[in-house]
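One-letter residues, chain by chain:
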Amino acid sequence: MEEKIIRLYEDINYIGYLYVCQGKNDYVKRANNLLPQIKEFTEWFLMGNQFGIDEELYQVLSQNLLVILRDIVSATEENDTVLMMDALEQGLGEYLTMFLPEGYFEEKRVKV
């Protein structure tokens, strides 16, 4: 699952880059192409507390993830780029970050 999480995390960041830096105005369309991977991650996360965290915390995280998914659905229905960016980059992206391998960001850091 780790490789799929990395790929989804990078894909979300890439479509954000295309929108912000390249002026591509098809963020929602590109985000919708990620829906199968988002579904797979969500199902995996919601299979139960397999992470060794406090059960109450897991329940709160699960409920929050469902709110994020509702935002993704709303953004899709309304073709709302801002809501979709928020749901993916600030919402789902934070969940994905929890499962990135240790040292992931250090490996990606640009050295000057």
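As a reminder, the structure under discussion sits directly above these lines.
Novice: Any chance you could break down the overall build of the protein chain for me, citing the residues and the numbers?
Specialist: Along its length, the protein chain carries six helices and zero strands. Each helix (α) and strand (β) of the protein chain, taken in turn from the N terminus, gives the series α-α-α-α-α-α. For 112 residues, the compact-globule estimate of 2.2 N^0.38 gives 13 Å, and the C-alpha radius of gyration of the protein chain, at 15 Å, lies within 12% of that figure. Reported as C-alpha extents along the three principal axes, the dimensions of the protein chain are approximately 40 × 40 × 20 Å. Counting every position in the protein chain, which comprises 112 residues, the buried fraction comes to 34%. Sequence separation of at least 24 residues holds for 63% of the intrachain contacts in the protein chain that already meet a minimum separation of 6. Surface exposure of the protein chain reaches about 7200 Å², of which carbon and sulfur atoms provide 51%. Both charge centroids of the protein chain, one from 10 positive and one from 20 negative side chains, sit 10 Å from each other.

Novice: Go over unusual backbone geometry with me, naming the residues and quoting the values.
Specialist: Positive phi, close to 50°, is recorded for Asn79, a residue that is not glycine. Checked against the element boundaries, Asn79 lands in the loop between α4 (55-78) and α5 (81-98).

Novice: Outline the packing of α4 against α5, supporting the account with residue identities and numerical values.
Specialist: At a closest axis distance of 9 Å, the pairing of α4 and α5 adopts a crossing angle of 155°. In this view, α4 runs roughly antiparallel relative to α5, as classed from their interaxial angle. In the crossing of α4 with α5, the sense of the turn from one axis to the other is left-handed. Residues Leu61, Asn64, Leu65, Ile68, Asp71, Ile72, Ser74, Ala75 and Thr76 of α4 lie in contact with α5, whose contacting residues are Leu83, Met84, Ala87, Leu88, Gly91, Leu92 and Tyr95. Of the residues belonging to the contact of α4 with α5, the class tally is 11 nonpolar, four polar and one charged.

Novice: Break down the nonpolar core for me, with residues and values.
Specialist: By size, the foremost hydrophobic cluster in this structure holds 30 residues, and its most contacted members are Leu8, Phe41, Phe45, Met84, Leu88, Leu92 and Leu96. Residue contributions to this core peak at seven residues, all from α5. In this view, Leu8 contacts Leu34, Gln37, Ile38, Phe41, Leu92 and Leu96; residues no more than four positions away in its chain are not counted.

Novice: Quick one: what's the story with the packing of helix α3 (residues 35-45) against α5, residue by residue and with numbers?
Specialist: Contact pair α3 / α5: the axes reach a minimum separation of 12 Å and the direction vectors enclose 55°. As judged from the angle between their axes, α3 and α5 are oblique. In terms of crossing hand, the pair formed by α3 and α5 is left-handed. Contacts between α3 and α5 involve Ile38, Phe41 and Phe45 from the first element and Leu88, Leu92, Tyr95, Leu96 and Met98 from the second. For the contact of α3 with α5, the residue count by class is eight nonpolar, no polar and no charged.

Each value, and the rule that gives it
Residues numbered from 1 in each chain as written. Predicted model: local features only at pLDDT ≥ 70, side-chain atom pairs only at ≥ 80, totals over all residues. Heavy atoms only, no water. Helix = DSSP H or I, 4+ residues; strand = E, 2+ residues; numbered from the N terminus. Rg over C-alpha atoms; globule rule 2.2 N^0.38 Å. Buried < 20%, exposed > 50% of the residue type's maximum accessible area, 1.4 Å probe, protein only. Contact = heavy atoms within 4.5 Å. Areas by Shrake-Rupley, 256 points an atom, 1.4 Å probe, with all protein chains shown as cover. Lys, Arg positive; Asp, Glu negative; His and termini not counted. Charge placed at Lys NZ, Arg CZ, Asp CG, Glu CD. Axes fitted to C-alpha atoms, helices over the stretch in contact; angles between N-to-C directions. Parallel < 35°, antiparallel > 145°, perpendicular 65-115°, else oblique. Left-handed = near helix turned anticlockwise from the far one by under 90°. Nonpolar A, V, L, I, M, F, W, Y, C, P; charged D, E, K, R; others polar. Core = buried A, V, L, I, M, F, W, Y, C linked by side-chain atoms within 4.5 Å.

Just distances and angles here, no functional claims.
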